[in-house]
Each structure stands twice: as C-alpha cells, then as structure tokens.
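Letter by letter, the chains look like this.
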Amino acid sequence: MASTTEVRPEATTPEPHRRRAAIVSWLTTTDHKRIGVMYIGIAFFFFLLGGLLAEMIRTQLYEPDSTLFNFHRYNQLFTIHAITMIFLFVMPVTVGFANYIVPLQIGAPDMAFPRVNAFSLWLFPVGGLLIWSGFLSPQGAASGGWTLYAPLNEKLTIGSTPGWGTDVLIMGLLILGVSSLLGAINFLVTIFKMRAPGMTMFRMPIFTWTFLATSLLLLLSMPAFTAALAGLFIDRNFGGHFFDPAAGGSAIMWQHIFWFFGHPEVYILILPSMGIVSEILPVFSRKPLFGYRAFVYATLAIAMLGFGVWAHHMFTTGAVYAPFFALLTAAIAIPTGVKFFNWIATMWRGKITFTTAMLFAVGFLMIFLIGGIDGVFLGSPPIDYHLQDTYWVVSHLHFVLFGGSVFGILAAFYYWWPKITGRFLNEKVGKIHWAFMFVGTLLTFFPMHIAGLNGMVRRIANYPDINSFVLLNRMSTIGAYILGVGMLIFVGNILSSFRKPVTAAGDAWGEGNSLEWATSSPPPAWNFDELPPIRSERPVFDMRHGTVHAPIAAAAATTGATADETEGTHS
Amino acid sequence: MSVEATHAAVPTARRRDPMPASLLGVILFVASECVFFAALFGAYFTIRSNAGSDWPPAGISEGLHAWPLPAIATTFLVLSSVTMQFAIWAIRRGDRATMLRFLKITLVLGCVFLGMQAYDYATLGFSIHDTVFGTTFFTMTGFHGAHVAGGVVFIYLMLARGWSGQITREDHTGLEAAAIYWHFVDIVWIGLFCTLYLLK
Amino acid sequence: MIRKPERGRTRSTRLVVLAVGMGALLAACAPPTITDSGQKVASLYNIVLVIAIVVFVGVELAIIYNALRYRRHKNDDTLPEQTHGNNRIEVVWTLIPSLIVLALFVMSMVVLADVNHEDPNDRLTVRVTGFQWQWKFEYFKDEAATQAYGVTIEAASQTQPPTLVVPVGERIHFELESADVNHSFYVPEWLFKRDLIPGLHNSFDMTIQPRYAGNMYHGQCAELCGDFHNEMTFEVQTMTSSQFQTWIAAEAKKQAAQGGCSPNGTDLKIDAVPTIKFDTDCLAAPANQAFTIDFTNKDTTGIPHNVALYTKDPTQGGTLLGGATGISDTVTAPGSTTYKVDGLKPGTYYFQCDVHTVMNGQFVVK
C-alpha cells in the first residue's frame with residue numbers, strides 16, 4: 001500500500017520566512033486538496049454565522065410577542081440565515097469535500113482544470129462577504145426571504161426592499177452562481193476524463209456518482225437562477241419591468257424561474273450527503289453497498305425528476321397544473337424509497353462498528369426519513385393548500401436539510417478528518433456531539449410540524465397565543481440551544497484534534513473501500529505513488545481481502561484515463 | 001512547485017482522444033448557456049403572451065425595424081459562423097494559412113456585428129426602462145452582445161496562438177472549442193432576430 | 001435478582017416512549033375544520049397520516065433492529081457474507097412504494113377536484129383585496145361582482161384587524177386581488193389558502209358547515225409581504241343566513257350614511273405606505289365633535305410625510321383646518337404621531353401630505 005512521506009523543501013528555511021511562504025503557497029495553490037480544505041474551512045465559518053442567526057430567530061420566538069428584534073430586523077435574520085446555510089455552507093462545504101475526495105476516489109492526480117478550481121474557490125468568500133455586507137446598509141440586509149419573490153423584492157415600483165442590502169445579495173448570488181457553475185463543469189470533466197485505468201463508470205464510488213449528479217443539476221439549473229437574478233437586478237437598478245405587473249411584467253414568472261432552479265437546488269444540497277452516507281454504511285458494516293447499480297439509477301432518477309417538479313412549490317398560486325406536478329412529485333418518493341431500502345439492506349447481516357461517523361450516518365437515516373415522509377403530505381395539492389407557508393414546511397425543509405444534509409456533512413467530517421489531517425477526531429466527544437445533535441434536531445424541528453398543522457404561518461416575528469403555539473415554540477427554542485451547545489462541542493473537538501500527532505494510516509479506519517484510502521493520510525501533493533488494480537467498486541477492499549495484489553504504477557493513471565472498460569467482476 | 005509539474009503532465013496531448021478535457025468543458029459550458037438563454041426566451045414569451053395585441057407597445061414599434069441594419073448584421077454574423085467552419089476544415093486538413101485567413105475574416109465580421117449593434121442601440125429611440133418590451137429587448141440583446149464580445153476575445157486569442165504556430169492539425173482543441181461557442185452565439189442571435197425583429 | 005429493577009426501568013421507559021408517541025400521534029391528526037371541503041381534506045390527511053406512520057415505524061424499526069442486531073463483536077475479524085444485491089427483492093421494494101404513491105395520488109386528485117370546484121351559479125361573492133399590510137373585503141350579490149351590497153370592510157387600524165363576516169350553509173365565492181405584492185389568504189380552520197398575486201386573477205368557493213355559526217376564527221396572510229407581514233391578520237365571524245342578511249342590510253345602510261368613507265369616527269387612523277401613498281383617499285368624522293388622527297409613516301425608511309386638513313386644495317385657495325401645521329411639521333418613516341382636531345361643521349374638506357401633495361383625499365364631516 002502507498003505510504004509516502006512528503007519531502008517539504010521549506011523545512012530547511014528560517015521560521016518567519018517559512019510561515020509567509022506557507023501562507024502564500026496556500027493562497028496561490030491549485031492543489032485540489034488544499035482548495036477543498038479552504039472551501040470546508042470558509043464554509044464552516046459561515047455555518048457558525050448562520051447558526052448564530054438561527055439562535056437569534058429562535059430566541060425571538062421564545063415569546064409570542066417578543067420585541068427583541070423589530071419586524072424589519074427579524075425578516076433580515078431569516079432571509080440571511082437561509083441564504084447563508086444554503087449558499088454559503090451546505091453547497092460550498094460539499095464542494096469542499098468533493099474537491100478533496102472525488103479526485104482521490106477516481107485515482108486522479110488533481111481536478112481537470114486546477115486554476116479554474118482555485119478561481120471558483122476565491123469567488124466563494126467574495127460572494128459571501130458581499131452578501132453579509134448588506135448588514136452595513138442603512139436599511140439592513142436583504143429582508144425579502146431567500147426565495148426573493150417578486151414584486152416584494154423589486155425596488156422602484158412597489159414593494160418594501162429599497163436598501164442596497166438586497167442588491168448586494170443579488171450580486172453575491174450571481175458571483176456564487178459563476179463559482180458553482182465553473183465548479184460543476186470542472187467536476188464533470190474530471191469525472192468523465194480523469195479516471196484511473198480500470199475505474200469504469202460503474203466502479204466509481206457512490207459519493208463520486210452523487211457528485212456527478214449534483215454537478216449536472218448545477219450545470220442545468222443554476223443558469224436559470226442567474227437569468228432571474230439578472231432580471232431582478234435590472235428591475236431594481238435600471239428601471240426594468242420583468243416582474244412588475246403594473247408595467248406589463250409578470251410576478252408569477254419569478255416563481256416559475258426561481259423554482260426551476262430552486263427544486264434541483266434541494267437535490268444539490270441533499271445528494272452529496274446521500275453519497276457520504278453510502279460511503280460510510282458499507283465501510284462500517286463491512287459489506288458492499290446493497291444494490292450498487294440500483295442506487296446509481298435511483299440517484300440519476302432523482303436528479304432527472306428534480307427538473308419536472310418545480311411547480312409543487314406553487315400549488316397555492318392557483319396558476320399551475322397541479323395534477324402533473326403532483327404526479328412527478330409523488331414519483332420522486334420511489335427512487336428515494338429504493339435508496340432507503342438499499343441502505344438498510346447494507347447493514348443487514350453486517351458486522352457494524354459504531355464509530356461517530358457511522359452514528360451520524362444512521363442518524364441521517366432515522367431523521368431524514370421524517371423529512372422524506374412529511375414531504376409526501378406536501379406533494380398532495382389539497383393537503384398542501386393547508387400546509388404551504390406554515391411551520392410544517394419549515395419543519396420539512398429542516399428535517400431534509402439539517403437532519404439530512406447537515407448530518408451527512410458531519411458524518412463526512414468524522415469519516416474523512418483522518419484522511420485530510422492525518423489525525424482522528426475524539427470518538428468519545430464525537431458521540432456526545434452526536435447525542436446533542438440527534439436530540440436537538442428532533443426537539444427543534446418536530447414541534448414545528450404540529451404548529452404548522454394548527455395554522456402557524458412561517459416568517460412571522462410574533463405569533464398569536466393560540467393552539468399551544470407558545471409551548472411548541474419554546475420546545476423548538478430549547479432544542480435550538482441544544483444544537484448550539486452540540487456545535488460548540490464539535491468546534492472544541494476539531495480544535496483539540498490539531499494538538500494530536502499525525503497517526504492515521506493510509507487506510508485510516510482499516511475498512512476503507514475506495515481509492516482515497518489507498519494513499520497516505522494526508523496524501524502527498526501528487527496524490528498517489530501507486531494505485532491498486534481497480535477490478536470492482538471496492539479496489540482497496542479487494543487489495544486487503546481479495547485476490548488482486550499487484551499495484552500498478554501511478555504514472556499510468558495520468559495517461560489513458562478510460563482504457564479499461566471491462567465489466568466489474570462482481571454481481 | 002512540484003504540484004504544478006504534476007498538473008502539467010495531466011493533459012498531455014493524446015492525439016486520438018476525440019473529446020479532450022478542454023473541449024468537453026466548453027461543451028458543458030455551452031449547455032449551461034443554453035439554459036440561461038432559454039430562461040430569457042421563456043421570460044420574453046411569458047410577458048409577450050400576457051401583453052396581447054399591443055406588442056411591441058406604442059412608441060416602441062416606430063423605432064424597431066428588421067431592415068436594413070439588423071438584417072445586415074444578422075447576415076454578417078451568420079457568415080462569420082461559416083468562415084469559422086472553413087477555418088476548422090482548413091486546420092483539419094493541416095492548411096494553417098487558410099485557417100488563419102478565415103479566422104481573421106471571422107474576427108472582423110464579429111467586430112462589425114458588434115459595431116452595428118451599438119449603432120442600432122443608439123438609433124432605436126427607446127431604452128431599457130421604456131416599457132417591458134424595452135426591458136426584455138435590451139436584456140436579451142445585451143447579454144447576447146456580451147457573449148459576442150467574449151467570443152471575439154476568444155477568437156483573437158486563437159488567432160494569436162495561430163500566428164505563433166501553436167494551432168496545428170494534431171492539436172487544435174482550442175479552435176474547435178471556439179468554433180462550438182461561436183456557432184452557439186450565432187444560433188442564439190438567429191433566435192433573437194426572429195423573435196424580437198420579425199415576429200415581434 | 002439484579003435484573004429485576006432493570007426490567008422495571010425498561011418498562012417505565014417503554015411507557016414514557018409510548019405516551020410521548022401517542023401524544024405526538026394525537027397532535028399530528030388533522031386539525032379541526034369547519035368547511036365542507038375541509039372535511040374531505042382532513043380525511044385525506046388522516047389516511048396519508050396512517051400510511052406515513054406505518055411506513056415510518058416500519059422503516060425506523062428496521063434501521064434500529066439492524067443497527068443493534070448486527071453489531072460487530074470485539075475481536076471478531078471475520079467478514080460477513082458479501083451480498084451485492086438481489087434483483088428480485090429490489091424490484092419488490094420499488095413496486096411497493098410505487099403502488100402506495102400512486103394510490104395517494106389518485107385520492108389526492110379526487111379531493112383536489114372537490115376543493116377547487118367552483119359553482120357557476122350566482123352566489124354571495126366577497127372580493128378580497130390584500131395590500132401592505134391589511135385586508136379589504138367587499139360584498140357582491142353575483143359572482144361577476146357587479147351588483148354591490150355597498151358594504152366594504154377594512155381595518156380600523158393596523159392593530160385592529162378587519163372582520164370578515166360570512167354566512168354558514170351556503171356556497172360563498174371569493175375573488176382574490178392584490179394591490180401591491182404577493183399575499184396569501186389563509187384561514188387555518190378552512191384547511192385552505194390561496195395566494196393573491198398582482199396581475200393574476202384567483203378565486204375559490206367555500207361552504208361553511210351550518211353547525212359552526214356564531215363563531216370567530218383567526219385568519220392571516222401566509223406569504224411574506226414585507227415588514228408588517230405578521231400583522232396582516234383578520235377575523236372571520238360566522239352567522240346563520242338570516243342573521244347575515246340582517247347584518248348586511250344594516251351595514252349597507254350605515255356605510256351609505258357615512259358616504260362610504262373609511263376610516264370613519266372620532267378615532268381616525270391613516271398610514272403612509274410605500275411608495276409615496278396614503279392607505280386611504282377618504283376619511284370621515286362626525287360633525288361638531290373633536291376627533292384624533294393617528295398617523296403612522298410606514299413608507300420607505302427616511303421619507304418624511306404628514307397629514308394636514310384644508311377647506312379645499314391649498315393650491316386653489318384652501319385654508320388650514322387642523323392636523324400638521326405645515327411642510328416643516330413632518331414624521332419621518334418609520335414613525336407615528338397623533339393629531340388632535342377640534343369639531344368641524346358638516347361638509348366635504350380636503351387632506352394632503354404637505355411634502356408630497358400627490359398624496360391627498362377627501363375629508364367628509366357629517
């Protein structure tokens with residue numbers, strides 16, 4: 001197995017010089033691993049900011065008529081909370097993990113376009129800071145909701161978002177859009193063109209597959225959002241009339257274009273986490289993923305169906321043909337169900353080790369299931385008429401994005417941390433962290449179902465003291481504090497891990513399947529000294545247990561990418 | 001840096017690869033651009049169908065004529081697509097001189113198109129805030145114009161590489177990519193011309 | 001012997017889990033509803049809920065069972081059987097969810113047709129207008145909204161929401177319009193909401209069941225519509241048909257006497273709203289009685305406004321009667337003030353914002 005110690009040329013130069021050189025080398029790097037680490041680091045910083053906003057929102061809602069924040073400020077809080085969590089945390093952090101892991105998993109030395117990759121990275125903090133700079137505007141940050149509905153977010157005609165907070169939000173989102181688009185192209189080309197010999201499409205690890213689907217979704221949905229944002233910006237600043245019904249524009253059109261992007265966006269946020277869970281479950285169950293091909297087809301089906309369901313966000317507008325969108329929405333439950341059964345069958349008759357990563361993966365299954373099932377209610381138009389824009393939807397989306405995406409991301413942190421840093425996170429502290437997250441998530445988001453069912457609408461700073469709304473909201477607020485404490489524990493775990501020595505072996509968990517475990521932890525700049533032969537979707541497993549032994553030279557990996565198209569030996 | 005050295009080794013010219021990484025990248029980029037312009041066309045037709053018979057609105061239609069300027073500009077842009085293709089065919093034969101000649105003609109035609117569009121803008125008599133037609137018109141043609149400008153820069157870069165002898169029969173991926181992008185820009189313009197000037 | 005208390009603890013844990021589960025289940029049942037179509041939605045919801053609970057419990061048990069049952073024992077280094085898949089079982093678990101969601105889809109469509117059904121016959125029609133950040137309800141005798149009852153209900157002030165009065169046992173037609181941004185008309189007990197989108201016409205029919213006469217319900221805007229979104233509420237009062245007829249006749253008479261001006265009385269309320277607008281163009285007060293005008297400036301932050309009463313348009317020689325004392329006496333948004341005005345003789349006067357004279361209206365004294 002590959003285990004190389006990187007020879008650092010800086011080791012002999014004097015200390016201050018060395019530190020500056022290190023900083024410069026990080027800022028100018030085109031190494032996919034360093035770029036991935038910086039993506040993860042910056043995204044985590046924004047996660048803490050977005051979490052702070054969430055705690056402020058929940059504190060306001062502890063009392064039904066709280067005056068902690070005025071209405072205008074409250075609207076800014078939930079708008080920027082959503083924008084931050086979606087565009088500045090979940091998307092970039094998964095891009096960060098993918099940046100680090102995907103080239104390793106397919107046995108490539110780097111991404112296809114390393115300099116484009118660095119450009120994508122640096123666009124991300126620029127866009128993020130631009131969005132947050134809105135808080136410096138006299139009218140505060142954007143307050144029109146992350147969905148930026150028109151005409152509320154128009155400026156010159158009607159509405160109430162005159163400040164430049166909304167303008168910097170639009171500009172920031174356009175910049176992040178360019179970043180995501182270039183990233184998506186980069187990933188697609190990397191996956192299509194840079195696979196090591198023997199790494200056929202159907203031997204790719206599931207995380208790589210899900211990120212392939214994610215990149216396709218980004219590629220084909222993000223430009224629609226860009227067009228809508230450009231139109232909104234023109235309306236706000238150049239006297240345009242796209243979404244101004246008084247001047248012949250169309251208000252409903254915003255919703256159509258936005259959700260044409262917005263629904264695939266949901267899968268952009270969840271598919272990588274599904275991939276992460278599909279990596280972790282087999283490793284710690286010591287079994288292959290059950291129904292690998294079915295899983296790949298289910299992922300692609302979800303991605304494709306994702307483009308045909310946007311109007312289920314618009315049932316209550318009365319302006320869409322509900323049966324069509326309801327049918328396609330219901331259809332998405334099928335591939336999702338298939339995935340669930342595959343995950344459970346992977347554990348079945350396995351030999352399960354409960355590392356923290358595995359706990360988060362199982363937690364993902366248990367909590368994401370709720371978000372999947374309550375989505376079925378919303379997919380039925382007559383029920384949606386009641387539940388749309390209530391706290392039921394808030395509950396649903398947080399079960400999907402927090403219980404789903406964030407649990408997957410936390411699992412990824414615990415699972416790949418030794419690969420990235422060479423150090424393990426503390427497992428005992430990790431399990432306490434998991435317990436806080438699990439209890440906190442259920443306590444925060446489950447009462448929202450009941451509140452929404454009884455008619456509590458979303459995006460309100462004060463709420464009527466009826467239908468035990470007060471009790472339900474207090475439960476949520478306490479749950480949110482538990483989540484906050486859990487995240488502090490996690491931050492402590494991360495910081496203290498840096499004080500540990502680098503001990504992780506190449507195959508850090510001793511159970512790795514995919515190629516990232518075939519190189520040292522952390523890997524050398526050139527990724528692999530040698531690659532194991534790739535004869536199935538689990539080359540490292542094969543090398544550990546199977547019949548294939550002879551490593552092949554890494555040099556071969558850089559030439560004929562898809563030379564070997566023969567079928568896998570399994571199934 | 002050792003990292004750079006490894007990178008440089010990656011895309012070593014594999015002669016017979018029908019789809020080099022950079023070409024695939026540009027094709028994917030063009031695919032996403034299709035969605036971008038589809039969204040703009042979708043917005044235009046949504047607004048158009050709401051407007052009924054008053055289209056383009058009074059005060060706009062007077063300044064909007066397909067003939068002569070826009071029609072001639074369209075002809076030039078279509079011709080530039082043809083000359084671009086001649087350049088591609090030339091380099092596939094290994095005829096670099098012809099390739100360079102056609103590339104130069106393409107560049108000139110692209111610049112002339114941009115000039116004519118700028119003149120058209122100046123003489124239309126309405127602007128982006130004059131009715132929703134003005135908004136859609138300037139947004140769509142403006143974004144398209146920006147793409148043409150980007151394409152002109154792209155072609156100029158190819159021309160510069162061609163002059164220094166970097167485009168050969170064996171390795172002309174960049175030129176192929178430029179051609180795909182240029183044809184795409186051309187097709188979008190035909191759609192825009194038909195929609196905005198002819199169908200109205 | 002040692003096991004006994006442990007088993008007791010498990011039992012009480014089980015009881016707690018059961019109680020919490022039952023509580024959650026009861027709370028998750030369809031909420032009370034008062035309309036015909038609401039009953040159908042509630043039944044559909046409960047059917048989906050039962051299926052959801054079966055699926056939820058089944059899958060969660062499977063996850064927990066597998067996680068606990070197949071834990072790896074210490075020092076067990078043998079590999080489990082490497083199962084890669086099983087086509088037959090995968091087909092089965094693709095088909096079963098397909099059938100379930102198809103059944104749910106069909107049931108949904110049946111209920112949807114009922115909820116969206118609009119009777120073509122003439123019937124009581126309420127035109128609902130949403131604006132930042134209140135509601136206006138106008139009553140008509142026909143669904144084309146041509147024969148007005150002459151009854152318009154608006155909020156007396158931002159914090160005193162308007163009351164929509166509706167009869168039970170008959171089909172009521174609602175026409176929805178927005179004056180500015182998107183809103184959504186939502187009464188939780190109807191299990192129904194519909195958006196008000198500028199430039200788009202929306203309507204629906206609703207029948208409230210007779211046994212719910214004489215009640216008050218809470219309604220609210222459900223679509224984010226700006227700063228005061230959460231104050232955009234209304235009340236719904238239900239009446240029997242005969243009570244309703246009496247009410248609407250009396251209300252029409254009263255409003256006709258007031259010249260149709262709103263707000264009306266000695267405690268008037270007017271807002272400046274984005275952009276450079278008053279929320280009403282007519283105010284009314286009784287003759288020879290002192291009254292107050294509560295003025296709130298809700299326009300774009302930083303814009304100054306005021307309210308001043310004149311005998312007629314001052315550019316045509318009107319003289320100041322009360323309210324703001326002139327162009328320097330303003331309230332900058334966000335802000336509010338109260339003007340006290342002495343009793344006036346009957347007549348039709350004029351009010352305006354001195355800073356923006358395009359903001360003006362009639363002031364009726366009777």
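Source: prediction; values computed, not measured. (Residues numbered from 1 in each chain as written. Chains lettered and ligands numbered in written order. Predicted model: local features only at pLDDT ≥ 70, side-chain atom pairs only at ≥ 80, totals over all residues.)

Enquirer: Explain the overall build of chain C to me, using residue names and the numbers behind them.
Expert: Within chain C, the secondary structure is distributed over 4 helices and 21 strands. Since a compact globule built from 366 residues should have a radius of gyration of about 21 Å, the 30 Å found for chain C marks it as more spread out than a globular shape. Relative to its 366 residues, chain C shows a buried fraction of 37%. Counting only contacts in chain C whose residues sit at least 6 apart along the sequence, the fraction spanning at least 24 positions is 66%. (Helix = DSSP H or I, 4+ residues; strand = E, 2+ residues; numbered from the N terminus. Rg over C-alpha atoms; globule rule 2.2 N^0.38 Å. Buried ≥ 20, exposed ≤ 12 C-beta atoms within 10 Å, placed from the backbone. Contact = placed C-beta atoms within 7 Å.)

Enquirer: Help me get a handle on the overall build of chain A, residues and values and all.
Expert: Summing up its helical and strand segments, chain A has 16 helices and 2 strands in all. Here chain A has a C-alpha radius of gyration of 24 Å; the compact-globule value for 571 residues is 25 Å, and the two agree. Along the longest, intermediate and shortest principal axes, the C-alpha atoms of chain A span 70 × 55 × 45 Å. Residues classed as buried in chain A amount to 68% of the 571 residues present. Long-range pairs, those at least 24 residues apart, make up 81% of the contacts in chain A between residues at least 6 apart in sequence.

Enquirer: Please give an account of the packing of helix 2 (residues 36–69) of chain C against helix 3 (residues 87–116) of chain C that cites residues and values.
Expert: Residues and elements named next belong to chain C. At a minimum axis distance of 9 Å, the contact between helix 2 and helix 3 shows a crossing angle of 170°. Between helix 2 and helix 3, the crossing angle belongs to the class labelled roughly antiparallel. Residues S37, K40, V41, L44, I47, V48 and I51 of helix 2 form the contact with helix 3, whose own contacting residues are I100, L104, M107, S108, V111, D114 and V115. Class assignment of the residues belonging to the contact of helix 2 with helix 3 gives a composition of 10 nonpolar, 2 polar and 2 charged. (Axes fitted to C-alpha atoms, helices over the stretch in contact; angles between N-to-C directions. Parallel < 35°, antiparallel > 145°, perpendicular 65-115°, else oblique. Nonpolar A, V, L, I, M, F, W, Y, C, P; charged D, E, K, R; others polar.)

Enquirer: Before we move on, could you go through the environment of D119 of chain C and cite the residues and values that matter?
Expert: All names here are of chain C. By the secondary structure assignment, D119 is in the loop between helix 3 and strand 1 (125–131). Residue D119 is classed as exposed on the basis of its 11 C-beta neighbours within 10 Å. Considering only alpha carbons, one finds D119 and F204, 85 residues apart in sequence, at a separation of 9.4 Å. Apart from residues lying up to four places away in sequence, D119 is in contact with R171 and D205.

Enquirer: Account for the interface of chain A and chain B, with residues named and values stated.
Expert: By convention, interface size is frequently given as the accessible area that disappears when the constituent parts associate. Counting from both sides, the interface comprises 36 residues of chain A and, opposite them, 29 residues of chain B. Looking at the side of chain A that touches chain B, the elements with two or more residues in it are helix 5 (164–193), helix 6 (206–237) and helix 7 (251–285) of chain A. With 9 residues, helix 6 of chain A is the largest single contributor of residues to the side of chain A that touches chain B. Along the lines of polarity and charge, the residues of the side of chain A that touches chain B split into 23 nonpolar, 10 polar and 3 charged.

Enquirer: Can you lay out the interface of chain A and chain C for me, pointing to particular residues and giving the numbers?
Expert: Every contact between the two is made by 77 residues of chain A and, on the other side, 71 residues of chain C. Breaking the side of chain A that touches chain C down by element, the ones donating at least two residues are helix 3 (71–105), helix 7, helix 8 (292–305), helix 9 (322–347), helix 10 (356–378), helix 11 (381–387) and helix 13 (427–453) of chain A. With 13 residues, the top contributor of residues to the side of chain A that touches chain C is helix 9 of chain A. A breakdown of the residues in the side of chain A that touches chain C according to their chemical character gives 47 nonpolar, 24 polar and 6 charged.

Enquirer: Describe the sheet that holds strand 16 (residues 308–310) of chain C, with residues and values.
Expert: For sheets, the rule is that strands pair by backbone hydrogen bonds, running either parallel or antiparallel. All names here are of chain C. A sheet is described by the order of its strands in space; here 5 strands give the open sequence 13-21-20-16-17, paired in mixed fashion. Each end of this open sheet is capped by a strand with a single partner; those strands are strand 13 (282–285) and strand 17 (320–323). On average, each strand axis in the sheet is tilted by 30° relative to the strand beside it, whichever way the strands run. Direction of pairing for strand 16 relative to strand 17: antiparallel, over a ladder of 3 bridges. Considered in strand 17, the bridge of Y310 is made with L320. (Pairing = 2+ DSSP bridges.)

Enquirer: For the confidence of the model for chain C, give the residues involved together with the corresponding values.
Expert: All names here are of chain C. Per-residue pLDDT for chain C has a mean of 87; in total, 96% of the residues score no lower than 70. When pLDDT is averaged over each helix and strand of chain C, the minimum, 71, is found for helix 1 (residues 3–28) and the maximum, 96, for strand 6 (residues 183–187). Residue range residues 1–5 is modelled with pLDDT below 50. Its contacts to residues more than four positions away, or to other chains, number 0 contacts. Across the interface, the model reports ipTM at 0.89; the global pTM reads 0.86. (pLDDT = per-residue confidence, 0-100.)

Enquirer: Lay out the nonpolar core with the relevant residues and their values.
Expert: If you look at the biggest cluster of nonpolar residues, it comprises 314 residues, and the most contacted ones within it are I280 and A411 of chain A. Element by element, the count of residues in this core is highest for helix 7 of chain A, at 22 residues. Beyond its immediate chain neighbours, meaning those up to four positions away, A411 of chain A contacts I276, V277, I280, A357, F360, A361 and F364 of chain A. Among the nonpolar cores identified, the runner-up in size contains 25 residues, and F278, F291, Y339 and C353 of chain C belong to it. (Core = buried A, V, L, I, M, F, W, Y, C linked by C-beta atoms within 7 Å.)

Enquirer: Explain helix 4 (residues 96–123) of chain B to me, and be specific about the residues and the numbers.
Expert: Residue and element names in this part refer to chain B. In this model helix 4 runs 41 Å from its N-terminal to its C-terminal C-alpha over 28 residues, within 8% of the 40 Å that 1.5 Å per residue would give. Listed as buried for helix 4 are M99, F102, L103, T106, L107, L109, G110, F113 and Q117. Tucked inside the fold, the buried residues of helix 4 contact helix 3 (69–93) and helix 5 (131–163). Looking one or two places after helix 4, you find G125, whose phi comes out positive at around 90°. (Expected span 1.5 Å × (residues − 1).)

Enquirer: Please give an account of the arrangement of the chains that cites residues and values.
Expert: For this structure, the chain pair with the highest number of contacts among 2 pairs of chains in contact is chains A and C. The two units chain B and chain C never meet; even their closest C-alpha atoms stay 10 Å apart.

Enquirer: Explain the packing of helix 2 (residues 21–51) of chain B against helix 6 (residues 173–199) of chain B to me, using residue names and the numbers behind them.
Expert: Residue and element names in this part refer to chain B. The contact between helix 2 and helix 6 brings their axes to 9 Å, and the two run at 10°. Considered as vectors, helix 2 and helix 6 are oriented roughly parallel to each other. For the pair formed by helix 2 and helix 6, the contact residues are S22, L23, V26, I27, V30, E33, F37, F41 and Y44 on the first element and T173, G174, E176, A177, I180, Y181, F184, V188, G191 and T195 on the second. Classifying every residue of the contact of helix 2 with helix 6 gives 12 nonpolar, 5 polar and 2 charged.

Enquirer: Explain the pairing of strand 21 (residues 360–365) of chain C to me, and be specific about the residues and the numbers.
Expert: Residue and element names in this part refer to chain C. For strand 13 and strand 21, the ladder comprises 4 bridges, and the chain directions are parallel. Bridging across to strand 21, A285 finds its partner in V365. Both strand 20 (residues 347–352) and strand 21 contribute to a ladder of 6 bridges, which runs antiparallel. When the bridges of strand 21 are listed, F351 appears paired with G361.

Enquirer: Quick rundown of the sheet that holds strand 14 (residues 291–297) of chain C? Include the residues and the values.
Expert: All names here are of chain C. As summarised here, the arrangement of the 4 strands in space is 12-11-14-19, forming an open sheet in which the pairing is mixed. Of all the strands in the sheet, just strand 12 (277–278) and strand 19 (335–341) have a single pairing partner and so form its edges. In terms of strand pairing, strand 11 (residues 267–273) meets strand 12 through 2 bridges, oriented antiparallel. Within strand 12, the position partnered with A272 by the bridge is F278.

Enquirer: Residue-level account of the environment of P532 of chain A, with values.
Expert: All names here are of chain A. With respect to the secondary-structure elements, P532 resides in the loop between strand 1 (530–531) and helix 15 (539–545). Under the C-beta neighbour-count criterion, P532 is labelled buried, with 26 such atoms within 10 Å. Between the alpha carbons of P532 and G107 there is a distance of 9.5 Å; along the sequence they are 425 residues apart.

Enquirer: Report on the pairing of strand 1 of chain C, specifying residues and quantitative values.
Expert: Residue and element names in this part refer to chain C. For strand 1, the tally of buried residues reaches 5 of 7 residues, placing the bulk of the element in the interior. Inspection of the sheet shows strand 1 paired to strand 2 (residues 134–140) by 7 bridges, in the antiparallel sense. In the strand pairing of strand 2, T125 is matched with F140. The hairpin formed by strand 1 and strand 2 contains 2 residues between the paired strands. Pairing geometry for strand 1 and strand 5 (residues 171–178), over 6 bridges, is parallel. Pairing of R127 across the sheet is with E175, part of strand 5.

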